[in-house]
Amino acid sequence: MKIKALVLLAALIPTGVVAQQNFSCNWGDRGACLGYGETVCSSSGKCVSSDAVCFDSYQCNYEGFTCKSNLTECADEYDGLLKRFNALVEDYNYLLEDNRRIRAAFETSLEELEETQDALSDAQSNLFYARQERDEARDALADIVACIDVLGRFEDASNCLP
């Protein structure tokens, strides 16, 4: 019995190896050995993963391998969102530029205000000194007039000058 089992085992081993290395292809096709995870693509360049479900070209509609129910609505919504996003970006850029222009004008106005305040301060200072000089001149003139009044008309008024 052991001999029969050994003979049977010996007969099956070569057959299994031969069966694994021997395959046939359709007429006009070539065979290929693939490693783990490798895929074969057709000559038209359509490669898909092993778990993909494929349709014939134009099976669903003119868009190709997917049915219209989800893709078209999704693509239309994406296009609408993209247009809205681009409009928002354009509005943002316009507002940002407007903000920069207003900020520059505001900074210029602040500089001009500071210059005007400095000029006003200088003018007030000059006005204060002019008032002091006017008051001093008025007091000196009042002293001269008083001196002349005391001297009389015919006397020498040059003594009243400072």
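Computed from a prediction, not measured in an experiment: that's the story for all the values here.

Q: Requested: an account of the overall build of the protein chain, with residues and values cited.
A: For the protein chain, the helix and strand inventory stands at 2 helices and 0 strands. Within the protein chain, buried positions represent 4% of all 162 residues.

Q: Outline a nonpolar patch on the surface, supporting the account with residue identities and numerical values.
A: On the surface, Tyr-78, Leu-82, Phe-85 and Val-89 cluster together into a nonpolar patch covering about 380 Å² of accessible area. Turning to its location among the elements, Phe-85 is positioned in helix H2 (residues 68-151).

Q: Residues and numbers for the packing of aromatic side chains, please.
A: Counted by the stated rule, this structure contains 1 aromatic pair. Centre to centre, the rings of Phe-128 and Tyr-129 are 5.8 Å apart; their planes meet at 65 degrees, and the pair counts as edge-to-face. Overall, Phe-128 belongs to the partly exposed group, its relative accessible area being 48%. In this structure Tyr-129 comes out as partly exposed when scored by relative accessible area, which is 45%.

Q: Break down a negative patch on the surface for me, with residues and values.
A: Among the surface-exposed residues, Glu-111, Glu-112, Glu-114, Glu-115, Asp-118 and Asp-122 lie close enough to one another that they form a single negatively charged patch. Within the fold, Glu-114 resides in helix H2.

Q: Give me the pattern of salt bridges: which residues, what numbers.
A: Applying the stated criterion across every chain, the model contains 4 salt bridges. Two residues, Arg-101 and Asp-98, come together in a salt bridge whose shortest N-O distance is 2.0 Å. Linking Arg-101 with Asp-98, this pair stays in helix H2, spanning 3 residues, or about one helical turn. The class for Arg-101 is exposed, based on a relative accessible area of 53%. Put simply, Asp-135 and Arg-138 hold a salt bridge, and the shortest N to O gap is 2.7 Å. A residue pair is termed a helical-turn pair when its members lie 3 or 4 positions apart in one helix, as Asp-135 and Arg-138 do in helix H2 at 3 residues. Through salt bridges with shared partners, a single ionic network connects Arg-134, Asp-135 and Arg-138.

Conventions we followed
- Residues numbered from 1 in each chain as written.
- Predicted model: local features only at pLDDT ≥ 70, side-chain atom pairs only at ≥ 80, totals over all residues.
- Heavy atoms only, no water.
- Helix = DSSP H or I, 4+ residues; strand = E, 2+ residues; numbered from the N terminus.
- Buried < 20%, exposed > 50% of the residue type's maximum accessible area, 1.4 Å probe, protein only.
- Patch = residues over 30% accessible without salt bridge, like charges linked within 9 Å, V, L, I, M, F, W, Y side chains within 5 Å.
- Areas by Shrake-Rupley, 256 points an atom, 1.4 Å probe, with all protein chains shown as cover.
- Salt bridge = Lys/Arg side-chain N within 4 Å of Asp/Glu carboxyl O.
- Phe/Tyr/Trp six-rings, centres within 6.5 Å; stacked < 30°, edge-to-face > 60°.
- Lys, Arg positive; Asp, Glu negative; His and termini not counted.
- Charge placed at Lys NZ, Arg CZ, Asp CG, Glu CD.

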